[in-house]
Amino acid sequence: MKTPLQNLSNLQQRTITGLIGFVIILGCILYSEWSFLLLFCTISSLTQLEFYKLLGLDGNQPLTYYGTFCGTVMMLLAYLIEQDLVSFENYFLISPLLSMIFFIKLYKKNDLKPFTNIGFTFLGIIYVALPFSLIIVMAMRGGTYNYEIVLGSLLLLWASDIGGYFAGTNFGKRKLFERISPKKSWEGAMGSAAFAALIAFVLGHYFRTFEPWKWYCIGGIIVVVGTYGDLVESLFKRSIAIKDSGNSIPGHGGFLDRFDGLLLSAPFIVTFLKLFS
């Protein structure tokens, strides 16, 4: 039985769910650091669970729930340490936690490829949970929660996605990376860059955390690395022969589809901020 949203066009679904998602994310980011933490722990967990579920469709057996648990602990540690609520040495708790993956697999009698699945378990933590943990680090810059950094980065990400979608849909002719993503075009990439630059200009005037040039740099990182993040996720989906990572977000696919650009952009953004701020 179809839901009311499924009777709408893809663009209508994208618009409605995008607006709802924007309101929820905006509210959680602005309300408090605790609602921000809860939001991103939830998004990270759902994205990681989705990643492991997709691996399962290809016959793999990663430690879905334990891997997601490790990812959540990593995010909570990042928050507590950046807030100076616990000492930096607590990061070492991650080492034995991850080492337990090997021990758990010793008792999985029906796993024909244990080391392959150990690798996939680690991949889910590195590919999904680590970038979201770095977003926590980014938000707690200097030990104080700063919503402008995260909200600004998300606005640039969304601007890049929207600009790329409409420019690619209406003007896309020259293929950007046809082997991996036949729909992506150079025209879409230029639309992505143009809209992100416009939002960076606005952020530079209204958000006082950084000088305008830093917002342009963050926007450039998101446009370039975020595009590669989308291509990497497309490569992953092609390797297991699926079109979308899921249908959790009508019109957008799954959580991996929605946040793929952020997963690879986050390490570059945090490194840029650590070096130049």
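Per an unreviewed UniProt entry, the chain carries the name Phosphatidate cytidylyltransferase and comes from Dyadobacter frigoris. Taken directly from UniProt, the Subcellular location (unreviewed entry) text for the chain runs: "Cell membrane". As its UniProt record puts it under Sequence similarities (unreviewed entry), the chain is described as follows: "Belongs to the CDS family."

## Observations regarding the UniProt feature "transmembrane region" (unreviewed entry) in the chain
As recorded in UniProt, the sites labelled "transmembrane region" (unreviewed entry) are residues 20–43, 63–81, 87–107, 119–139, 145–167, 188–207 and 213–232. End-to-end, the C-alpha atoms of residues 20–43 are 15 Å apart, and along that stretch the chain is 96% helix and 0% strand. Secondary structure across residues 63–81 divides into 95% helix and 0% strand, with the first and last C-alpha atoms of the span separated by 27 Å.

## Looking at the environment of Gly143
Inspection of the secondary structure assignment puts Gly143 in the loop between α5 (114–139) and α6 (147–171). Judged by its relative accessible area of 29%, Gly143 falls in the partly exposed class. With 110 residues separating them in the primary sequence, Gly143 and Glu33 have C-alpha atoms 12 Å apart. Apart from the residues lying within four places of it in its own chain, the contact partners of Gly143 are Glu82 and Gln83.

## With respect to the packing of aromatic side chains
In this structure the tally under the stated criterion is 19 aromatic pairs. Relative to Tyr91, the ring of Phe88 has its centre 5.2 Å away and its plane inclined at 75 degrees; by these criteria the two rings are edge-to-face. Of the residues examined, Phe88 reaches a relative accessible area of 53% and is grouped as exposed. Cluster of aromatic residues (ring-pair linked, three or more members): Phe36, Phe40, Phe132, Tyr145 and Phe259.

## Description of helix α3 (residues 64–82)
If you check α3, its first and last C-alpha atoms are 27 Å apart, about what 19 residues at 1.5 Å a residue would give, namely 27 Å. Looking at the buried residues of α3, the elements they touch are α2 (33–57), α4 (94–106) and α5. Positive backbone phi, approximately 65 degrees, marks Asp84, located one or two places after α3.

## A short note on the state of the cysteines
Considering all chains together, one arrives at zero disulfides under this definition. With no disulfide of its own, Cys41 has Cys28 as its nearest cysteine by sulfur position, at a separation of 12 Å. Residue Cys41 is classed as buried on the basis of its relative accessible area, which comes to 10%. Looking at Cys70, it has no disulfide partner, and the nearest cysteine sulfur is the one in Cys41, 14 Å off. Look at Cys70 and you get buried, because its relative accessible area is 2%.

## Description of α2
Spanning 25 residues, α2 covers 36 Å between terminal C-alpha atoms, matching the ideal 36 Å at 1.5 Å per step. Capping of α2 at its N-terminal end is provided by Ser32; its side-chain oxygen lies 3.3 Å from the backbone amide nitrogen of Trp34. Looking at the residues trailing α2, positive phi occurs at Gly59, about 85 degrees.

## Brief notes about the domain arrangement of the chain
Assigned domains within the chain: domain 1 (1–31), domain 2 (34–144) and domain 3 (146–276). A straight line from the C-alpha centre of domain 2 to that of domain 3 covers 23 Å. Each partner contributes to the roughly 2,200 Å² buried at the junction of domain 2 and domain 3, and carbon and sulfur atoms together form 78% of this total. At the junction of domain 2 with domain 3, the criterion picks out zero salt bridges. There are four residue pairs in polar contact (both at pLDDT 80 or more) connecting domain 2 and domain 3. Counting only elements with at least two residues in the side of domain 2 that touches domain 3, the list comes to α2 and α5. In the side of domain 2 that touches domain 3, the residues fall into 16 nonpolar, two polar and three charged.

Criteria and thresholds
Residues numbered from 1 in each chain as written. Predicted model: local features only at pLDDT ≥ 70, side-chain atom pairs only at ≥ 80, totals over all residues. Heavy atoms only, no water. UniProt positions renumbered as here; feature names shortened; annotations may be inferred. Helix = DSSP H or I, 4+ residues; strand = E, 2+ residues; numbered from the N terminus. Buried < 20%, exposed > 50% of the residue type's maximum accessible area, 1.4 Å probe, protein only. Contact = heavy atoms within 4.5 Å. Phe/Tyr/Trp six-rings, centres within 6.5 Å; stacked < 30°, edge-to-face > 60°. Expected span 1.5 Å × (residues − 1). Disulfide = S-S within 2.5 Å. Polar contact = N/O pair within 3.5 Å; in protein donor to acceptor, adjacent residues only side chain to side chain. Domains from an automatic or database assignment. Buried area = accessible area lost by both parts, 1.4 Å probe. Salt bridge = Lys/Arg side-chain N within 4 Å of Asp/Glu carboxyl O. Nonpolar A, V, L, I, M, F, W, Y, C, P; charged D, E, K, R; others polar.

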